[in-house]
Structures are given as C-alpha cells and as structure tokens.
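Remarks on the overall topology
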Amino acid sequence: MKKQVMIYSAMPDGCVAELEKQFEVVTAAPGSPEFEQALPSSLGLIGSGLVVDSALLDRAPSLRIVSNISAGYDNLDIDELTNRGILATNTPDVLTETTADAIFGLLISTARRIPELDRYVKEGSWTGKIDNSLFGVDVHGKTLGMIGMGKIGQAVAERARFGFRMEILYHNRTRKPEAEAKLDAVYRDLEDLLRQSDFVCLMAPQTPETIRMIGEREFGLMKESAIFINGSRGALVDENALVEALTSGRILAAGLDVFEKEPIGISHPLLSLPNAVALPHIGSATSETRLEMARLAIQNLIEGLSGKTPPSLINSEVKASRNTTNSYE
Ligand SMILES: O=CC(=O)O
C-alpha cells in the first residue's frame, strides 16, 4: 500500500503528479475538515507556512517528515519535531540568487521611489517638468549595512558591491571571513552598523534572539537619511516603531517584503505612508525558483520516507537516532 502524504499549499504544475507516482496524496488546506481528517494517517506533510507545533503533532501520530517549501523554518517547532523523531527539511540554496534579486530590487525601488512614480505617471500627474519633490536618493557608492550575512545576505551584498560599488558593513552571529575577503565587508557591532549605514538591510533568520531586534532604539540610531529594508521576517521589527520612524522623519524610507501579520491588513498604517514600499513576501517568487523549491521539497520528502538522509535535513539528530534504533520502517 502506498504511504499517505498531505500537500497543504499550492504546488507548481506537475509536482502533484510526481508525488502521486509514489504516494497516496491528499491535498487539503490547513484548518479544513479534509486536512483534519487526513492528518492522523499522513506520514509526510509538504507545503509552506503551516505552524507545526505540539498541538498539531498531537493530532499527527503517523508523521515522519515535514517538508517545508521555504528556506526559513520559523513556522516549525524543531525541538518538538526532534523529540518526536520527525524529520524536518527546508529548501535553502535554490532560492538564494532569486531572493537577492528581489531584495536588491526593493532597495532600488525604495531609494528611487519607483512604485510612487509609476502611480504618478499612470494617474496622469506627469503634466510638465518634474521637480525635486519627486527626486530619490543615490544607491551607488553608498554604505550598505547587512544585518544577517547568511547566503542570501551575502548575495545581496555581492550585488551591492560589484554592481553598485557600495561599501559593505555587516553584523552577524558569527564572523564571515569569506564575505570579508570577497566583498571587502567589514564587521560591525549592531549599534555602529546602524549609525554608519545609508541602507540598513535586514536578512537575519527569525529566532527567539532576533524577534523585535529592530525597534525604537535601533531606528533612533540610524541616520535621518537611512533607508531600511526588511527581507527576512516581519517579527524581527517593531512595526509601531517603524511607522513612527517613517512618519516623524527619523528615517527616510523603508522597503518591506515581510510583515508581522501576513497578509498585512489594508488598514495597517504602514500602507498609507508614501515613504514605505510594500511587497507581498515575494523574495523567492519566480516561476523557475518556485519550481526548484517544490522539486527539492519533493526530493526531501521522498528520500526521508525511504530511509535516506534528505538533502536539506534541518534536524540531523533525528537521522542519527533513526540509524541506531531503526524505528522508522
Ligand atoms: O521567506 C521565504 C523563505 O523562507 O523561503
């Protein structure tokens, strides 16, 4: 009999058929009766964004693997999964360059006010010469402060350094000698980075240590001309403090791909600010990359359920215990 797996979010064309070759596939949205009905007998879950915590795991006694179709895995309680011997996987690497393109695009759009000027043209406001009320600020040659110098952070910094001759400062849990050598990136403590950067770009993962790491105090340290970019997770930023910093002129502008609550509600004060550029969490959202991510997640699922080590295993402790106890087959 085929093993049952559940897909809980949209997959690119062809991916479901690929899974159906090997598994009994149930497709159901979290919270739906179909999802709850299939959960107890599912050996694998595949999708993105589902909060997998002990309450969900209590209802999923057959589960052996959670295959997350994203690089970030703050939606997974890894300790709880590990304690229960359940594999957790993600899709790093395949989205690095695409996400860096999007975040650097957001940075340029914010500095040069591209969404605002697009509206200006389409609304028919361009009726004569433009004046300095529509001017933006330069990107090239400025100082970029990267908070979080993982693979995506480095790919953003690479674009800045080699495409725009920017000076790179960075703050990270650990020093990154390879980025220092390749990008002339200079390590700074957080306060110095905030004080010295023209662009502050947040690319750190969401962990208990990074939640709300940027708030009133941190905006207060930035230059008044600073542009703040968030390409990581909304929970890292105190959004009330960000609104205050943008309305009071404490900083110049912000470009945001992520929000505390997603989708952000239309009445959120950030959305009424002309100096905030908002995207709907689209860092990795190209057809090519979303397909690569789905393929990698499927490979993780297949290998995990056939006793092999999935290529992007997060909790390798589970694999180790499985080898010694052989408790999975
Ligand atoms: O935010 C997107 C991801 O973590 O893949």
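All residue numbers refer to position in the chain's written sequence, counted from 1. In view of the model being predicted, local features appear only for residues whose pLDDT reaches at least 70, and side-chain atom pairs are presented and counted only at 80 or more, with totals across whole chains, interfaces and linings using the full set of residues. The side-chain quantities take in all heavy atoms of the structure and omit both hydrogens and water.

UniProt positions are given in the numbering used here, feature names are shortened, and annotations may be inferred rather than shown by experiment. Taking the UniProt record as the reference, the feature "domain: D-isomer specific 2-hydroxyacid dehydrogenase NAD-binding" (unreviewed entry) is found at residues 104–283. What you have in residues 104–283 is 33% helix and 15% strand, and the ends, taken at the C-alpha atoms, are 10 Å apart. Where helices and strands are cited, they refer to DSSP runs of H or I of at least four residues and of E of at least two residues respectively, numbered from the N terminus.

A word on the pairing of strand 4 (residues 65–68). We call a residue buried when its accessible area falls under 20% of the maximum for its residue type, exposed when it is over 50%, and partly exposed in between, using a 1.4 Å probe and counting protein chains only. Residue alternation in strand 4 divides its side chains into two sets, I65 and S67 and V66 and N68, and both sets are buried. At least two bridges found by DSSP between two strands is the condition for calling them paired. When strand 3 (residues 44–47) meets strand 4, the two strands line up parallel, connected through four bridges. Of the residues in strand 4, the one forming a bridge with L45 is V66. Pairing analysis gives three bridges linking strand 4 to strand 5 (residues 87–89), with the strands arranged parallel. Counterpart to I65 in the pairing with strand 5 is L87. Crossover handedness for the path strand 4 to helix 4 (residues 78–83) to strand 5: right-handed. We call a crossover right-handed when, viewed with both strands directed away from the observer, the connection leading from the first strand over the helix to the second proceeds clockwise.

Here five strands make up an open sheet; going across it, the order is 2-1-3-4-5 and the pairing parallel. Edge positions in the open sheet fall to strand 2 (23–27) and strand 5, since each of these has one partner strand only. This sheet shows a mean twist of 15 degrees between the axes of neighbouring strands, independent of strand direction. With five bridges connecting them, strand 1 (residues 3–7) and strand 2 associate as parallel partners. Note that in strand 2 the partner of V5 across the bridge is V25. Sheet contacts for helix 12 (residues 287–305): strand 1, strand 2, strand 3, strand 4 and strand 5; angle to strand 4, the most-contacted strand, approximately 170 degrees. Here, axes are lines fitted to C-alpha atoms. For helices the fit covers the stretch in contact, and angles between N-to-C directions go from 0 to 180 degrees. Here, two residues are considered to be in contact whenever any of their heavy atoms come within 4.5 Å of each other.

If you check UniProt for "domain: D-isomer specific 2-hydroxyacid dehydrogenase catalytic" (unreviewed entry), the listed places come out as residues 5–315 in our numbering. Annotated as 35% helix and 15% strand, the span residues 5–315 places its first and last C-alpha atoms 20 Å apart.

There is about 230 Å³ of room inside the second largest pocket. Here a cavity means grid points, on a 1 Å grid over the protein atoms only, where a 1.4 Å probe fits yet cannot get out; a pocket means an open set of points with protein on both sides within 12 Å along at least five of seven lines; lining residues are those with an atom within 4 Å of a point. Residue lining of the second largest pocket: P115, E116, R119, L256, F259, L270, L271, L273, P274, A276, V277 and A278, and that is the complete set. Counting residues per element, the ones that place at least two in the lining of the second largest pocket are helix 6 (114–122) and strand 12 (276–278). Its residues assigned to classes, the lining of the second largest pocket comprises 10 nonpolar, no polar and two charged. Grid points are joined across faces, edges and corners, and a volume is the space filled by probe spheres set on the points. Residue type decides the class: Asp, Glu, Lys and Arg count as charged, Ala, Val, Leu, Ile, Met, Phe, Trp, Tyr, Cys and Pro as nonpolar, and the leftover types, Gly among them, as polar.

A few words now on the pattern of salt bridges. Once their charged atoms are close, side chains differing in charge can pair, the charge on each being opposite to the other. The salt bridge criterion pairs a side-chain nitrogen of Lys or Arg with a carboxyl oxygen of Asp or Glu, the two atoms within 4 Å. Per the counting criterion, the structure on display carries 22 salt bridges. Here E167 and R161 are joined by a salt bridge, their closest N and O atoms 3.9 Å apart. Its relative accessible area of 43% is what places E167 among the partly exposed residues. Connected via shared salt-bridge partners are E191, D192, R195, R217 and E218.

Next up on the list: the packing of helix 5 (residues 96–111) against helix 7 (residues 151–164). Relative to each other, helix 5 and helix 7 sit at 55 degrees, their axes nearing to 8 Å. Taken together, helix 5 and helix 7 sit at an angle that is classed as oblique. The two elements helix 5 and helix 7 meet at a crossing, and its hand is right-handed. On the side of helix 5, the interface is formed by T96, E97, T99, A100, D101, I103, F104 and I108, while helix 7 contributes K151, I152, A155, V156, R159, A160 and F164. Within the contact of helix 5 with helix 7, the residues separate by chemical class into nine nonpolar, two polar and four charged. Working rule for angles: under 35 degrees goes down as roughly parallel, over 145 as roughly antiparallel, 65 to 115 as roughly perpendicular, anything else as oblique. Crossings are classed by handedness, with left-handed meaning an anticlockwise turn of the near helix from the far one by less than a right angle and right-handed meaning a clockwise turn.

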